[in-house]
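# A look at the structure
This is what each chain is made of:
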Amino acid sequence: MTRRAILPLLLLAGCAPAHPAVRGGGIVSTNPCADAILLRFAAPDRIAAISRYSQDPAATSIDLETARKFRGVAGTAEEVIALKPALVLTSSFTPAATRRAYARAGLRLLSLDAPATIAASEAQVMQIADAIGEPAKGRAMVAEIEASVTPQPSGQEPSALLFIGGNLVNGSGTLLDAMMRRAGFRNAAADYGLAFTGTLPTETIVRRPPDIVIAPEGTTRSGTLRTHVLAATGARVPQAAFPRRLINCGGPTIPVAMARLRAIRAGM
């Protein structure tokens, strides 16, 4: 073949989409928070499977209809290895024996923790973006997150309790806590000495009620009891709904969660 004939082929090769970080069997995610990021960055044909948690209404952070278009995996070594993926996005909570099995099979792993700050969540976005060869998309998402969390001076900061479910409350030192503060709230969990997450009985709340209670939509026994008891004591504590799917993860969930928290704050 002449040099002139080879040149067009080289130009075409240079224009072809390149994903040097991932080849072969595609990407498997056993981490539901990684799923939300992966689906924003990777073409569907690059995704071999996502976590089954993303297909569970009580655990997902993404649209169920979208999540159910993909194969779901529980994260066992056997099912993941059988897919022969080029990359596995897993969690730092994955059992050591499972991680060792992945390593023996020669799988490339990216183990991700649960970010407790906005900066840590942004760093995780870039970890995933770099691993799959989409750094520009990662930077775009980080810019979107940064724009959504810019503090807006609002004067007084009302105290708020954000329930994750039942009597389980979001405390200090969490990603949700950071978002609440950026939205203009003071996390009332500190009034009860609650760090990270923990249960908070209704009796404790009644003795020192917050300015507002934020909780997932839907009726629960504990939520109904809390509302009735607060009303019976004469405490005027408004209740605001916060979608359950905004509680689980950071990344692309942050701008949506911030919009909802800001709307609640503006309505007070």
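To be clear, the structure that these remarks concern was listed above.
Cut-offs applied
- Residues numbered from 1 in each chain as written.
- Predicted model: local features only at pLDDT ≥ 70, side-chain atom pairs only at ≥ 80, totals over all residues.
- Heavy atoms only, no water.
- Disulfide = S-S within 2.5 Å.
- Helix = DSSP H or I, 4+ residues; strand = E, 2+ residues; numbered from the N terminus.
- Pairing = 2+ DSSP bridges.
- Contact = heavy atoms within 4.5 Å.
- Axes fitted to C-alpha atoms, helices over the stretch in contact; angles between N-to-C directions.
- Salt bridge = Lys/Arg side-chain N within 4 Å of Asp/Glu carboxyl O.
- Buried < 20%, exposed > 50% of the residue type's maximum accessible area, 1.4 Å probe, protein only.
- Polar contact = N/O pair within 3.5 Å; in protein donor to acceptor, adjacent residues only side chain to side chain.
- Arc of directions from axis to C-beta.
- Parallel < 35°, antiparallel > 145°, perpendicular 65-115°, else oblique.
- Left-handed = near helix turned anticlockwise from the far one by under 90°.
- Nonpolar A, V, L, I, M, F, W, Y, C, P; charged D, E, K, R; others polar.
- Core = buried A, V, L, I, M, F, W, Y, C linked by side-chain atoms within 4.5 Å.

### Considering the state of the cysteines
- Counted according to the given criterion, the structure contains 1 disulfide.
- Disulfide partner of cysteine 33: cysteine 249, at an S-S distance of 1.9 Å. Negative torsions about the S-S bond denote left-handed disulfides, and the value of about -80 degrees found for cysteine 33 with cysteine 249 makes this one left-handed. A residue pair is termed long-range when its members are at least 10 positions apart, and cysteine 33 in helix 2 (residues 32-41) and cysteine 249 in the loop between strand 11 (239-241) and helix 11 (253-266) qualify at 216 residues.

### Some points on the sheet that holds strand 3 (residues 72-73)
- With respect to topology, 5 strands assemble into an open sheet ordered 3-2-1-4-5, the strand pairing being parallel. Edge positions in the open sheet fall to strand 3 and strand 5 (109-112), since each of these has one partner strand only.
- Bridging between strand 4 (residues 87-91) and strand 5 involves 4 bridges; their strand directions are parallel. Paired with valine 88 across the bridge in strand 5 is leucine 109.
- The strands touched by helix 2 are strand 1 (27-29), strand 2 (47-51), strand 4 and strand 5; relative to strand 2, the strand with the most contacts, the crossing angle is about 140 degrees.

### Describing the pattern of salt bridges
- In the structure shown here, the tally under the stated rule is 5 salt bridges.
- One salt bridge in this structure joins glutamate 79 and arginine 52, with 3.8 Å as the shortest N-O distance. With glutamate 79 in helix 4 (residues 77-82) and arginine 52 in the loop between strand 2 and helix 3 (64-67), this pair connects stretches of sequence that are 27 residues apart.
- Two residues, aspartate 177 and arginine 181, come together in a salt bridge whose shortest N-O distance is 3.3 Å. Residue aspartate 177 and its partner arginine 181 are both found in helix 8 (residues 175-182); the two are separated by 4 residues, about one turn of the helix.
- In this structure aspartate 177 comes out as buried when scored by relative accessible area, which is 5%.

### Some words on the side chain of threonine 60
- Following the sequence through the fold, threonine 60 ends up in the loop between strand 2 and helix 3.
- Here threonine 60 falls in the buried class, since its relative accessible area comes to 4%.
- At 3.0 Å, the side chain of threonine 60 and the backbone oxygen of isoleucine 62 are in polar contact.
- Leave out the neighbours within four places in its chain, and threonine 60 touches Tyr53, Ser54, Arg245 and Asn248.

### Points about helix 5 (residues 96-104)
- Listed as buried for helix 5 are Thr98, Ala101 and Tyr102. Looking straight down helix 5, one finds its buried side chains confined to an arc of 100 degrees; they lie on one side. Set apart from the buried face of helix 5 by more than 90 degrees, the exposed residues are Ala103 and Arg104.
- Elements that come into contact with the buried residues of helix 5 comprise helix 4, strand 4 and strand 5.
- Of the residues trailing helix 5, glycine 106 is marked for its positive phi of about 80 degrees.

### Considering the pairing of strand 6 (residues 159-165)
- The buried fraction of strand 6 is high, at 6 of 7 residues.
- Note: strand 6 against strand 8 (residues 186-187), 2 bridges, orientation parallel. If you follow alanine 160 over to strand 8, its bridge partner there is asparagine 187.
- Two elements, strand 6 and strand 10 (residues 212-215), share 3 bridges in a ladder whose sense is parallel. Bridge pairing in strand 10 links alanine 160 to isoleucine 212.

### Looking at the side chain of glutamine 124
- Among the secondary structure elements, glutamine 124 is positioned in helix 6 (residues 118-131).
- You can call glutamine 124 buried: its relative accessible area is 5%.
- Aside from chain neighbours lying at most four places away, what touches glutamine 124 is Leu112, Asp113 and Pro115.

### A word on the packing of helix 8 against helix 11
- Running from N to C, helix 8 and helix 11 cross one another at 45 degrees; their axes reach a closest spacing of 9 Å. Taken as axis vectors, helix 8 and helix 11 run oblique relative to one another. Helix 11 is crossed by helix 8, and the crossing has right-handed handedness. Counted together, Leu175, Met179, Met180 and Arg182 of helix 8 and Ile254, Ala257, Met258, Leu261 and Arg262 of helix 11 form the full contact between these two elements.
- Looking at side-chain class alone, the contact of helix 8 with helix 11 contains 7 nonpolar, no polar and 2 charged residues.

### Looking at the nonpolar core
- In terms of nonpolar packing, the biggest core is built from 48 residues, with Ile214 and Phe242 touching the most fellow members.
- It is helix 6 that provides the largest number of residues to this core, a total of 6 residues.
- Counting residues in hydrophobic clusters, the runner-up holds 13 residues, among them Leu161, Phe163, Leu194 and Ala215.

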